[in-house]
Amino acid sequence: MYDIIIIGSGPAGLTAAIYANRARLQAIVLEKDYLGSGQIAVSEQVDNYPGLPGIDGYTLGEKFREHAEQMGAVLENAEVSRIEKNGKTFTVFCKDGKTLQSRSILCAVGTSYRRLDVKGSTLPGVSYCATCDGAFYKGKTVAVVGGGDTALGDAIYLSHIAEKVYVIHRRDTFRANQSLQEAVKRTANIELVLQAVPTAVLGEERVTGLEILQNGKPSTLQVNGVFVAIGSIPNTSFLQGICELDASGYLIAGETGVTTTPGIFAAGDVRTTPLRQVVTAVADGANCVQSIEQYLMETSG
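What you see is a predicted model, and the numbers here were worked out from it, not measured in a lab.

Peer 1: Could you clarify how one ought to interpret the sheet that holds strand β10 (residues 141–145) in this entry?
Peer 2: Strand pairing within a sheet occurs via backbone hydrogen bonds; the two strands may be parallel or antiparallel. Strands sit in the order β9-β16-β10-β11-β12 across an open sheet of five strands; the sheet is parallel. Looking along the sheet, the strands with just one partner apiece sit at the ends: β9 (126–127) and β12 (190–194). Bridge count for strand β11 (residues 164–169) against β12 is five bridges, and the pairing is parallel. The residue bridging Tyr166 from the neighbouring strand is Glu191, located in β12. The sheet contacts of helix α4 (residues 149–159) involve β10, β11, β12 and β16 (225–228), and relative to β10 the element is tilted by about 170°.

Peer 1: Is there a simple way to explain the packing of aromatic side chains in this structure?
Peer 2: Aromatic ring pairs are reported here in terms of the distance separating the ring centres and the angle at which the planes meet. For the structure on display, the rule yields four aromatic pairs. Judged by centre distance (5.8 Å) and plane angle (70°), the ring pair of Phe265 and Tyr295 falls under edge-to-face. With Phe265 in strand β18 (residues 264–266) and Tyr295 in helix α6 (residues 278–299), this residue pair connects regions lying 30 residues apart in the sequence. Its relative accessible area of 12% is what places Tyr295 among the buried residues. Seen from the ring of Phe93, Arg82 lies directly overhead, with NZ or CZ sitting 3.8 Å from the centre. Of note, Arg115 hangs over the ring of Tyr128, and the distance from its end group to the ring centre comes to 4.3 Å.

Peer 1: So what exactly am I meant to see when it comes to the state of the cysteines here?
Peer 2: Here, the word disulfide means a covalent bond between the sulfur atoms of two cysteines. A complete count under the given rule lists one disulfide for this structure. Shown here is the disulfide that connects Cys129 with Cys132, its sulfur atoms set 2.1 Å apart. Handedness here is read from the sign of the S-S torsion; for Cys129 and Cys132, about 70°, the answer is right-handed. Look at Cys129 and you get buried, because its relative accessible area is 9%. For the unlinked cysteine Cys107, the closest cysteine sulfur is that of Cys243, found at 6.3 Å. The buried category is assigned to Cys107, whose relative accessible area is 0%.

Peer 1: Would you mind going over the packing of helix α1 (residues 11–22) against α6 with me for this structure?
Peer 2: Any two packed helices are characterised by how steeply their axes cross, that is the angle between the axes, and by the distance between the axes. The interhelical angle for the contact between α1 and α6, taken along N-to-C directions, is 35°, at an axis separation of 7 Å. Like other packed secondary-structure pairs, α1 and α6 cross with a definite hand, here right-handed. Counting all contacts with α1, which are made through Pro11, Ala12, Thr15, Ala16, Tyr19 and Ala20, the residues of α6 involved are Val278, Ala281, Val282, Gly285, Ala286 and Val289. Class assignment for the residues of the contact of α1 with α6 results in ten nonpolar, two polar and no charged.

Peer 1: Can you walk me through the sheet that holds strand β15 (residues 217–221) in this structure?
Peer 2: The strand order across the open sheet formed by three strands is β13-β14-β15, and the pairing between neighbours is antiparallel. The sheet is open, and its two edges are formed by β13 (196–202) and β15, each paired on a single side. Adjacent strand axes in the sheet meet at a mean angle of 25°, parallel and antiparallel pairs treated alike. Sheet analysis places β13 next to strand β14 (residues 209–214), joined by six bridges and oriented antiparallel. In the strand pairing of β14, Pro198 is matched with Ile212.

Parameters at a glance
Residues numbered from 1 in each chain as written. Predicted model: local features only at pLDDT ≥ 70, side-chain atom pairs only at ≥ 80, totals over all residues. Heavy atoms only, no water. Pairing = 2+ DSSP bridges. Helix = DSSP H or I, 4+ residues; strand = E, 2+ residues; numbered from the N terminus. Contact = heavy atoms within 4.5 Å. Axes fitted to C-alpha atoms, helices over the stretch in contact; angles between N-to-C directions. Phe/Tyr/Trp six-rings, centres within 6.5 Å; stacked < 30°, edge-to-face > 60°. Buried < 20%, exposed > 50% of the residue type's maximum accessible area, 1.4 Å probe, protein only. Lys NZ or Arg CZ within 6 Å of the ring centre and 35° of its normal. Disulfide = S-S within 2.5 Å. Left-handed = near helix turned anticlockwise from the far one by under 90°. Nonpolar A, V, L, I, M, F, W, Y, C, P; charged D, E, K, R; others polar.

Put into structure tokens, the structure is as follows:
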């Protein structure tokens, strides 16, 4: 019987593991991806984590993981399929048939990429990770779909590799932070295609073009690759019926991590929050363990 099962090994989950071990709680971290450290691992550069300016996301994630392991954190590769509550305890069922029991649950499962839902979107050449696949497009032409921090960051990264980068955005203004917007506008080989939406990805064996609708007029861009950064979907399907979710599927919880189900807590990108950053995720992990300590004291005996 664990005191806490932490589901997810991103910044929130690993920070929670550090704090749980400092609190001498019996804890285990379940991670869907072997040796994973969350979506931060695919970020080319992290400029806003205090004390480590310019670090790449993979290295930062590895530092979190190493710290957690040095503190005695136990991590196990397992994907959770469902959770059952039995009185004051929980049973976690994993897809490999394993079951674990705990007095509390911390959900730090993060989000997954929102997929582009148009004809041809499954063609080779459609990617959701610029840092993973950008190297294949040296000297070629690519499109980035989206208008947030990830999209503009991807466009800047790809501009150093590709000959031409189109940024396709459905509005005439961006959600991304101002510094990224300014950097994109300064980059000569990035072209903004605003008030436009993709309608089809063209190609037979690989991507050869992207059909768009801009201001009501159809046109085609000749591109070799399409990078999609149109938001995220919370990984909460296994929690439906257990905790209250908002209309978008995020766990309803404040900074304390307390959800609508006593004993289940939420940290990081998976919870309702106006800002989803590494620094807020690690703060969530710490806050949640404090909330869990209080919960365990109140429910002991």
